[in-house]
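Observations on the model geometry
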Amino acid sequence: MLRTSAIVLALLLTAACDGDEPLLVVDLKTDFVPGVEFQRVRTVLVAGSGGLDRSTDEPAAVGDAFVSGRRIAEIGGLSAGNIEMRVELLREDGGVVAVRPVRVDYSGRLAVTVLITRDCAGVVCPAPDGDSSATACLNRQCVNPSCIEERPETCGSVCEVASDCAGGSACATPVCVSGACLLDVEAARCGMDDYCHPELGCRPLAPEDAGPPPADTGPADTGPADTSTPPDAATVPACIDHDLGSAIGPSLATGSADGAGDDFPLSCGGGTGEDVAFFWTAPDAGKYLFNVQSDGGSLALSEFSDSCTGASLSCTSSLGSELSMTLSLEGGNRRILVADAGGGGRVGNYVFSVFRECPNTDLGSALGTSIAMGTTTTARDGMQGAACGPDDGEDFTFTWVVPVTGSYDFTVTSPAHDPVLYLRDGGCEGGLLGCAAGVAGSAVLNVALIGGATTIIVIDGAAGVTGGFTLSIDPT
């Protein structure tokens, strides 16, 4: 199966003018962060398409305006007929961040705009029980790669206007493009040495390598030998295959487990096999989803502390080619996640990703009408325990700090469904502060809170019933 990321493909057919050379022009729109999450864009013609087997690479740098669209390829010399290609977002080391299969009917001069959005990160297409021809992803749903703007019946839509889309971080603005939601970052809201992450807000850019330190030309040190451990020498355990730092996103690590050895005990799934260890540190408190995909056919995913010799803290297994584990962690918690082969099989080639389940967006201490607008359609089902209504559908979460002690009205309205609104104390797993089930598209919850306290606001609902929403918070 082909792992893909979220996309709408908009095609603009242009009539060939007299003297115009037949040409395939490819533009890209994406809200993955250029220069940080990906450094190159590769356009690959599948062997035999248009009589050619060709690929082109274009660099991607911090500040490039990919949300509004950039030219990534101009390909001439093609024969008329069915063209199949892939657009790949690549890291500097060649790791794949996102892949979009594309199929078009080429008869001369054609301009193609490929839209790759963040909301399909981690989605595998085709779905195990779905249409085998739906190898592309749109709005977290698998669709046919020939899905084009001129054939909306094959694509679907999650938005008509920007207010239908989720809010993102304080430095990002939601936009609706051809029925799909993207997050357009505003770098001016961050410092000179920072970049805007669509979900996490302003984050420091990685420092440039200053090269080797200057030679020490001073006198010889005649003091006693220094037997202390350098500050960071023991940070990463020796058993680790991939140190991911605190990175969040799709395809953080890729490779093959063949020949990696069996280094960790398997506490679920039965049998043993070669394994791969990923070291990760939680950037702040929240719920995080760890996802591994492989071509080995049988998987187990285990959680360990930051020691190579400790017992497994938790474990889950599957006979399929994809497996996920959700953990609630405090900021600075360090974990080793181990992908192993369940049932004595093999992991084989793998892709490892990390996603934030909760909270999705930080509201600070904002007050007022319509302080946040978004949609649960492109969200994940990361929260449960509403107690007053169904909570098995996709949900969206906010962190909010109470400005002053008092009572507050939390109001969620939705034209698409009856939302379920509930608050948790302190964090994503905190105690339930209150819950309100929606009626006629509106849910209102009044809660007395202490100034300075952190709350998690959850907008949830029944499975399969999602849509746009507006959140208001008013003191009473």
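Attention now moves to the overall build of the protein chain. Of the regular secondary structure elements, the protein chain holds zero helices and 34 strands. Across the 476 residues that make up the protein chain, the buried fraction comes to 47%. At a minimum sequence separation of 6, the contacts of the protein chain that also span at least 24 residues come to 71%. For the protein chain, the exposed surface amounts to about 20600 Å²; the carbon and sulfur share of it is 51%.

The subject of this paragraph is a negative patch on the surface. A contiguous patch of negative charge, built from Asp241, Asp262, Asp263 and Glu274, is present on the exposed surface. Tracing the sequence through the fold places glutamate 274 in the loop between strand 18 (249–256) and strand 19 (276–281).

Two numbers describe a pair of aromatic rings. These are the distance of the centres and the angle of the planes. Applying the stated criterion to the full structure yields 12 aromatic pairs. Aromatic side chains phenylalanine 264 and phenylalanine 304 sit 5.0 Å apart centroid to centroid with 55 degrees between the ring planes, which places their arrangement in the tilted category. In this pair, phenylalanine 264 sits in the loop between strand 18 and strand 19 while phenylalanine 304 sits in strand 21 (residues 299–304), placing the two residues 40 residues apart along the sequence. For the pair formed by phenylalanine 264 and phenylalanine 304, the shared burial category is buried. Ring geometry for phenylalanine 278 versus phenylalanine 352: centroids 3.9 Å apart, planes at 5 degrees, classification stacked.

A few words now on the sheet that holds strand 28 (residues 396–401). The five strands lie next to each other as 26-28-33-30-31, forming an open sheet whose pairing is mixed. A single partner strand is all that each edge strand has here, and the edge strands are strand 26 (361–362) and strand 31 (432–437).

This paragraph deals with the sheet that holds strand 18. Spatially, 18-25-20-23 is the arrangement adopted by the four strands of the open sheet, whose pairing is antiparallel. Strands with a single pairing partner mark the edges of an open sheet, and in this sheet they are strand 18 and strand 23 (322–329). Taken over all neighbouring pairs, the strand axes of this sheet differ in orientation by 20 degrees on average, direction set aside.

Throughout the structure, instances matching the rule amount to six disulfides. What pairs with cysteine 159 in a disulfide is cysteine 176, and their sulfur atoms sit 2.1 Å apart. Residues cysteine 159 and cysteine 176 share a disulfide whose torsion about the S-S bond is about 90 degrees; that sign makes it right-handed. Taken as a pair, cysteine 159 in the loop between strand 12 (141–143) and strand 13 (172–177) and cysteine 176 in strand 13 lie far apart in primary sequence, 17 residues in all.

Take the side chain of threonine 281 next. Turning to its location among the elements, threonine 281 is positioned in strand 19. With a relative accessible area of 19%, threonine 281 lands in the buried category.

A few words on unusual backbone geometry. A cis amide bond links cysteine 358 with the next residue in sequence, proline 359, at an omega value of -5 degrees. Looking at where proline 359 falls in the secondary structure, it is placed in the loop between strand 25 (349–358) and strand 26. Phi at serine 370 is positive, roughly 55 degrees, even though this residue is not glycine. Within the secondary structure, serine 370 sits in strand 27 (residues 368–375). The phi angle at alanine 387 is positive, at roughly 75 degrees, despite the residue not being glycine. Mapped onto the secondary structure, alanine 387 falls in the loop between strand 27 and strand 28.

Attention now goes to the environment of valine 236. Checked against the element boundaries, valine 236 lands in the loop between strand 16 (201–204) and strand 17 (242–243). Along the sequence, valine 236 and arginine 334 sit 98 residues apart, while their C-alpha atoms lie 9.9 Å from each other.

All right, on to the pairing of strand 30 (residues 420–425) then. Buried residues dominate strand 30, accounting for five of its six residues. Sheet analysis places strand 30 next to strand 31, joined by five bridges and oriented antiparallel. Bridge assignment links tyrosine 422 to a residue of strand 31, and that residue is cysteine 435. Connecting the antiparallel pair strand 30 and strand 31 is a turn made up of six residues, with glycine 426 showing a positive phi of about 85 degrees.

Before going further, it helps to spend a moment on the pattern of salt bridges. Taken as a whole, this structure holds 12 salt bridges when the rule is applied. For arginine 71, the salt bridge identified is with aspartate 27, shortest N-O distance 2.3 Å. Here arginine 71 is found in strand 6 (residues 70–76), whereas its partner aspartate 27 is found in strand 3 (residues 23–30), with 44 residues between them in sequence. For arginine 71, a relative accessible area of 44% corresponds to the partly exposed category. Between arginine 42 and aspartate 57 there is a salt bridge whose closest N-O contact spans 2.8 Å.

With that settled, the discussion passes to the environment of methionine 85. Looking at where methionine 85 falls in the secondary structure, it is placed in strand 7 (residues 81–90). Overall, methionine 85 belongs to the buried group, its relative accessible area being 2%. Sequence separation between methionine 85 and proline 101 is 16 residues, and the spatial gap between their C-alpha atoms is 6.0 Å.

Two elements, strand 15 (residues 194–197) and strand 16, share four bridges in a ladder whose sense is antiparallel. The residue bridging histidine 197 from the neighbouring strand is glycine 201, located in strand 16. Where strand 15 folds back onto strand 16 in an antiparallel hairpin, the turn is made up of three residues.

Here the focus is the environment of proline 174. By the element assignment, proline 174 lies in strand 13. Through-space distance from the C-alpha of proline 174 to that of serine 163 is 7.5 Å; in sequence the pair is 11 residues apart.

Turning our attention to the confidence of the model for the protein chain. Of all residues in the protein chain, 83% attain a pLDDT of 70 or more, and the chain-wide mean is 79. Here residues 1–19 is modelled with pLDDT under 50, and outside its nearest four sequence neighbours on either side it reaches 81 contacts, counting other chains as well.

Thresholds applied
Residue positions are counted from 1 within each chain, in the order its sequence is given. Note on the predicted model: pLDDT of at least 70 is required for a residue's local features to be given, and 80 or more for side-chain atom pairs to be given and counted; whole-chain, interface and lining totals, by contrast, use all residues. Note that the side-chain values use all heavy atoms of the structure and ignore hydrogens as well as water. Helix and strand assignments come from DSSP, with helices taken as H or I runs of at least 4 residues and strands as E runs of at least 2, each series counted from the N terminus. Relative accessibility decides the category of a residue: with a 1.4 Å probe and only protein chains considered, values under 20% of the type maximum give buried, values over 50% give exposed, and everything between is partly exposed. We call two residues contacting when some pair of their heavy atoms lies within 4.5 Å. Shrake-Rupley sampling with a 1.4 Å probe provides the accessible areas, and residues are treated as covered by the protein chains on show and by no other component. Here, patches come from residues exposed beyond 30% relative accessible area and free of salt bridges, joined within 9 Å for like charges and within 5 Å for nonpolar side chains (Val, Leu, Ile, Met, Phe, Trp, Tyr). The salt bridge definition used is simple: a Lys or Arg side-chain nitrogen within 4 Å of an Asp or Glu carboxyl oxygen. All tallies of charge rest on Lys and Arg as positive and Asp and Glu as negative; His and the ends of each chain are not included. Positions of charges follow a simple convention, taking NZ of Lys, CZ of Arg, CG of Asp or CD of Glu. For this analysis, a ring pair means two rings from Phe, Tyr or Trp (six-membered ring only for Trp) whose centres lie within 6.5 Å, classed as stacked if their planes differ by under 30 degrees, edge-to-face if by over 60, and tilted for the remaining angles. For two strands to pair, DSSP has to find at least two bridges joining them. Note on geometry: axes are lines fitted to C-alpha atoms, helical ones only across the stretch in contact, with angles between N-to-C directions running from 0 to 180 degrees. Disulfide assignment relies on a single distance test, namely cysteine sulfur atoms paired within 2.5 Å. The predictor's confidence in any single residue is recorded as pLDDT, a number from 0 to 100.

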